[in-house]
Amino acid sequence: MADVSLKEAALIVGVVAACYWNSLFCGFVFDDVSAILDNKDLHPSTPLKNLFQNDFWGTPMSEERSHKSYRPLTVLTFRLNYLFSELNAVSYHFLNLVFHVVVCVVFLKVCKLFLDNRSSVVASLLFAVHPIHTEAVTGVVGRAELLSSIFFLAAFLSYTKSKGPDNTIVWTPIAVTVFLVAVATLCKEQGITVVGICCVYEVFIAQGYTLPLLLDTAVQILRGKGSIPFSMLQTLLKLIVLMFSTLLLVVVRVQIIQSQLPVFTRFDNPAAVSPSPARQLTFNYLLPVNAWLLLNPSELCCDWTMGTIPLVESLFDVRNVATLTFFCFLGSLIVFSLRYPGDSSKTVLMALCLIVLPFIPASNLFFPVGFVVAERVLYVPSMGFCILVAHGWRKLSNKSVLRKISWICLAAVLFTHALKTLHRNWDWESEYTLFMSALKVNKNNAKLWNNVGHALENEKNFERALQFFIQATQVQPDDIGAHMNVGRTYKNLNKTKEAEESYLIAKSLMPQIIPGKKYAARVAPNHLNVYINLANLIRANESRLEEADQLYRQAISMRPDFKQAYISRGELLLKMNKPLKAKEAYLKALELDRTNADLWYNLAIVYIELKDPTEALKNFNRALELNPVHKLALFNSALLMQESGDARLRPEAKQRLLHYVKEEPQDANGYFNLGMLAMDDKKDTEAEAWMKKAIRLQPNFRSALFNLALLYSQTAKELMALPVLEDLLKYYPDHTKGLILKGDILMNQKKDIVGAKMCFEKILELDPNNVQGKHNLCVVYFEERDLIKAEKCLVETLALAPHEEYIQRHLNIVRSKIASLSATEQSSLPADGTATTATEGKKKSFQNLKEVKNEQKTTQTTADNSKVRSKNKKRTEKNNMDKETPKKSTKEIKDIEKKRVAALKRLEEIERILNGE
């Protein structure tokens, strides 16, 4: 076996780099979005065991919506990319390029088994530059082909060493072959087909048998005129070992997919659900279509589903001529390779094996696949094609008359293929460029129109996206997904009526009830999202909540394992104030998926609604066990700990808030709550810093502004509080507590009676029945020495709050003062009695002057949303925290009162005013 020289390897590296350098500038497109961007299995926080439990796209193999594509080793390489560069597309494309180089070099080594050195280099170069490979090399998900091919070829090379001297069996290479076959299969399913190539190699290449010889031997044995030769027995033994290992791999693979085939719609592969003879005629016609792509890769398309290739429904369809021609040509090559001995027939035979056997899993012969044609599955079959071309070129170049022409043709083919590959790479730069290039090849594929619409939708260009989605419905009127896309885009354009009409059309296209037949076997999971989308649309109308709930229940009845329906229904039931039923919905969803952190988070929100903070905290913690960076769980669990009043939980609450602000550094709410925690711990300097950080991020943050002012006032920095209060009242002129605090500071610190009076009068304009504001205005009147007005004011205040003793006592003080002035023309009151009254009443005067600290975010439940581009993301919302909670417990009021000593001191100043000191 000839080795690959350094010059040959360098040549291949140079050619591949020249053809694929621009792939490094491409992003994540098409299937890359699901396999890379949306795949949680890439994240370091996801346990490694999940890679061996989920499919290629991160979906558990046990779920109905799983594609059953089991490629854990490929996903592992994606995870390594993520570990070093996260979602930097350059590293992913670079590794693909490296793997393609490795495949080309190993392929060159395989070629040298059947071709001379020069022809082997030609075959390898043709393979390196062939445009059909752009989908496998430039598309990141094509790495499955690249990795599988490396181990596929390595397994074959290992097997070629299993024949020892004197035709003995060398078992070590066979064991290595079986291991490498398993590894290739864990990269992509077609890796197992190398076993068939090894069997053909053993019989017709290693042992040198021809088909006539085998038939003759079989006839002699059957007639009893001979016995099986020892060499043939050895060959049978090796083949049995190979076949047994293959059978074992197949059994394991079937167990992994739980004996279930993936659910594909008729749009993915129309021929698969067509009646005879259309199904057979179409599948046979697809073979020459694939062969033509290898022969003439001038028009390439990223998606060949739906109406790209019309069904061959009649024997008189002219396309049957192409099918017949293809089979005649293929049959002649097979007969030549099996009937005649010699190196040429062996080369042709191995080339045909490489073309045919790896293509069988994608041929629809044994099970339907989710596509009509896929260019990336031709990656390995193109190896056999390149060997055939190189072998034919060698035959021509050996003839002196055709030598120059053969070299010119070879140079032209390599050059044009390289240019096509280089140009084709740019199509994969973005989803828009990729799908627009596909539409140039085929305008009868509704999926392409939909995908261009999705690309525009991601750019928020909804008007143009709508045009493409509508065109998709015209190309394929019964495409449920297209009508769903139209509805979603109308919703984004705030055209609710049109959106509902589109969703209803999609709903009408859903399969109808067939007695005795399960829906799950006939409905694509993504199509059921029409019920979710329609329900989400109409539930914005409070009068249609029951109608929305009916849609969710209908989706569940059609597919009881439809997790998203339970999640969305739970969210709706919370909105309908039915937390117990919402709890049931989420528990049912958890039965289907206990590893979903969002579900545990949603259940925690339900327990908050049920006034069960202990259970809520347990579920928040469970969500964080599954996803330590679950932002909403971090934030709301910290708030729950803070609200509990348990000082032992404050350190953990602080750690979670610090983790939250690390994940969300631009969210002022995190810094605000860190400030409130610091206030609880009496760390005033730290609290001030956190509050200022929150205000820098959100200058109009109501609660942060007020609590910072309050912090200054209770730490004897009242004058520093004034500019903060000015900012607060600039944004919120009707902030009653801010006006009270400002008036208090103006009256007691600045001695600005006029400014204080304006604050209290403003409060009464906003709320004439505000007892605190009116009482403070009474104090201002007293300060102005208008005792009659002060008396009248206190009488009105007492009428508003007849049970407040401190108002009655202050009124008695004023009346006593009026009586004294009338009798003696002087204002002198007993100091000791007044002081007693002031002490008794001071806690009431400003008891409402405090902003509620632990303000809970109003948080809606999180929902996994389906893919209808975008797999719909989570609908969790965080409302701003500047909402004041109207009620607090007695314990909370007492805790906060302890921190308001400064406010009490200012109240004593008011009492001194009333005493005339």
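A brief structural summary. (Residues numbered from 1 in each chain as written. Predicted model: local features only at pLDDT ≥ 70, side-chain atom pairs only at ≥ 80, totals over all residues. Heavy atoms only, no water.)

**A closer look at the packing of helix α13 (residues 320-339) against helix α14 (residues 343-356)**
- Contact geometry for α13 and α14: axes closest at 8 Å, N-to-C directions at 135°. When the axis of α13 is compared with that of α14, the two are oblique. For the pair α13 and α14, the sense of crossing is left-handed. On α14, the residues touching L330, L333, I334, F336, S337 and L338 of α13 are S344, S345, V348, L349, L352 and V356.
- Its residues assigned to classes, the contact of α13 with α14 shows nine nonpolar, three polar and no charged. (Axes fitted to C-alpha atoms, helices over the stretch in contact; angles between N-to-C directions. Helix = DSSP H or I, 4+ residues; strand = E, 2+ residues; numbered from the N terminus. Parallel < 35°, antiparallel > 145°, perpendicular 65-115°, else oblique. Left-handed = near helix turned anticlockwise from the far one by under 90°. Contact = heavy atoms within 4.5 Å. Nonpolar A, V, L, I, M, F, W, Y, C, P; charged D, E, K, R; others polar.)

**Some thoughts on the packing of aromatic side chains**
- Applying the stated criterion to the full structure yields 18 aromatic pairs.
- On the numbers, 5.1 Å between centres and 45° between planes, the contact of F107 with F127 is tilted. Here F107 is found in helix α4 (residues 89-111), whereas its partner F127 is found in helix α5 (residues 117-129), with 20 residues between them in sequence.
- Judged by its relative accessible area of 0%, F127 is buried. (Phe/Tyr/Trp six-rings, centres within 6.5 Å; stacked < 30°, edge-to-face > 60°. Buried < 20%, exposed > 50% of the residue type's maximum accessible area, 1.4 Å probe, protein only.)

**A closer look at the state of the cysteines**
- All chains considered together, the criterion is met by one disulfide.
- Across the disulfide from C778 sits C793; the S-S distance is 2.0 Å. Given an S-S torsion of about -80°, the disulfide between C778 and C793 has left-handed geometry. Note that C778 is positioned in helix α36 (residues 771-783) and C793 in helix α37 (residues 787-800), a separation of 15 residues in sequence. The burial state of C778 is the same as that of C793; both residues are buried.
- Left without a disulfide partner, C386 is nearest to the cysteine sulfur of C111, which lies 8.0 Å away. (Disulfide = S-S within 2.5 Å.)

**Quick word on unusual backbone geometry**
- Cis peptide bonds are those with omega within 30 degrees of zero, and the linkage from S276 to P277 qualifies with 0°.
- Checked against the element boundaries, P277 lands in the loop between α11 (230-256) and α12 (278-295).
- Phi at N577 is positive, roughly 60°, even though this residue is not glycine.
- Using a relative accessible area of 60% as the deciding quantity, one classes N577 as exposed.
- We note that K611 has phi near 60°; this positive angle belongs to a residue other than glycine.
- Structurally, K611 can be placed in the loop between α26 (597-609) and α27 (613-626).

**Let's talk about α27**
- When the terminal C-alpha atoms of α27 are compared, their 20 Å separation across 14 residues agrees well with the 20 Å that a helix rising 1.5 Å per residue should span.
- Within α27, the full set of buried residues consists of A616, L617, N619, F620, A623 and L624. Along the long axis of α27, the arc covered by the buried residues comes to 165°, so they all point the same way. Exposed and facing more than 90 degrees away from the buried side of α27 are T614 and E625.
- Against the buried residues of α27 lie α26, α28 (631-644) and α29 (650-663). (Expected span 1.5 Å × (residues − 1). Arc of directions from axis to C-beta.)

Shape is all these values report; function is a separate question.
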